[in-house]
Amino acid sequence: MDMALLHDTEQIRCATEPHRMELLRRLMARPATITQLGLAFDRHPAWIRHHVIALMRAGLVELAEERKVRNYTEKIYRASAGAYQIHLLLAPEFGGENPLLILGSDDFAVEALAALSCDKAGHPEVVTVPTGSLDGLIALRQGLADVAGCHLIDSDSGEYNTPYVRHMFPDRPTVIVTLAHREQGMLVAHGNPKGIRHIEDVADPGVRFVNRNKGSGTRVWLDRAFRDLGIDTAQIAGYSTEALTHSALARLVASGDADVGIGVRAAAVAEDVDFIPLFHERFDLVFDAARLEADARFEPLRERIDMRDFRRKVASMAGYDATEVGRETRIAV
């Protein structure tokens, strides 16, 4: 079955109108004439024709066949696809301008970059939405995001992000810009009352864990770590409890609602909880190369990444290394 992706707001509006949705679903099942549709829905042909024409203008219905029947031409209509998938992301608008939308992993450096990105009227030129590394790349692929933020390690090569980008964009050139290297570890309450020292200790009885959301780079790393250790995550208390951001996770530990979670050192410092180091990782921004070159909105963003003030800000964050800020890798098709 062929599937069409709907991301145009007019198409979505047309497809989700209740009467037109029912007509479209009928025409997805089998072609029909206006008369046949009128009989099926017990509606006057003029009513049917009005909605079918609207669906045709939206590109959801097409003329399948014309045939002579006595003294008139009979038209048979069908849906333009076997199924439809709707993707819609509503982003803010400031002063009539749409800011660049960064979707992907939660990160302090990304937030700092967005804070520096304002136009002369004070409107933000960049808006960040934490969704997880994998969802950020998917959104970039589908045109829902302008930039994706990710920190995904490939277990075979040990390389961050590039293997995932190559896999998800085999037909499009991309640009990967390093934003920072950062340190992740276990966040625990002051004094580490549960005596947690190693990642295996998370599975100990009486330890309450708080996880990151599915699709985040931290969750990908953690799921693989427990799999390699042979630990059944169903036995970990709180493994299904998810925090969307590092800060939210740190607050749950600080408040006593969880004993341990995995996050960046900067979040531990901000919420005043203890930190047990685990690994360092690279955090990148991923761009569609064609859009990066064609859309002038990207120029100020790239300039700000290279600004000395931004590098200093990143370097001042606990557990962050700004040595490779702005390093660019171009991946051709």
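This report concerns the structure included in the present document. (Residues numbered from 1 in each chain as written. Predicted model: local features only at pLDDT ≥ 70, side-chain atom pairs only at ≥ 80, totals over all residues. Heavy atoms only, no water.)

Even without being glycine, Asp42 reaches a positive phi, approximately 55°. When you line up the elements, Asp42 lands in the loop between helix H3 (34–41) and helix H4 (45–57). (Helix = DSSP H or I, 4+ residues; strand = E, 2+ residues; numbered from the N terminus.)

Within strand S13 (residues 274–288), 11 of the 15 residues are buried, leaving the element largely enclosed by the surrounding structure. Alignment of strand S8 (residues 147–150) against S13, held across 3 bridges, turns out to be antiparallel. Counted as the bridge partner of Cys150 is Asp284 from S13. Direction of pairing for strand S9 (residues 174–188) relative to S13: antiparallel, over a ladder of 14 bridges. For Ile176, the partnering residue across the bridge sits in S13 and is Val286. (Buried < 20%, exposed > 50% of the residue type's maximum accessible area, 1.4 Å probe, protein only. Pairing = 2+ DSSP bridges.)

As a further point, take the nonpolar core. Among the nonpolar cores identified, the biggest contains 40 residues, and Leu179, Leu187, Leu285, Phe287, Leu301, Ile305 and Val314 are the most heavily contacted of them. If we ignore the near neighbours within four places in the chain, the residues touching Leu301 are Leu100, Leu113, Ser117, Val126, Val147 and Phe287. (Core = buried A, V, L, I, M, F, W, Y, C linked by side-chain atoms within 4.5 Å. Contact = heavy atoms within 4.5 Å.)

This part takes up the pattern of salt bridges. Here the structure, examined in full by the defined rule, presents 23 salt bridges. Between Arg182 and Asp107 there is a salt bridge, with its nearest N and O atoms 2.6 Å apart. Remark: Asp107 occurs in the loop between strand S6 (100–104) and helix H5 (108–116) and Arg182 occurs in strand S9; sequence separation between them is 75 residues. One exposure class covers both Arg182 and Asp107, and it is buried. Of the charged contacts in the structure, one is a salt bridge between Asp284 and Arg282, with a shortest N-O distance of 2.9 Å. Taken individually, Asp284 and Arg282 each receive the classification buried, so the pair is uniform in this respect. (Salt bridge = Lys/Arg side-chain N within 4 Å of Asp/Glu carboxyl O.)

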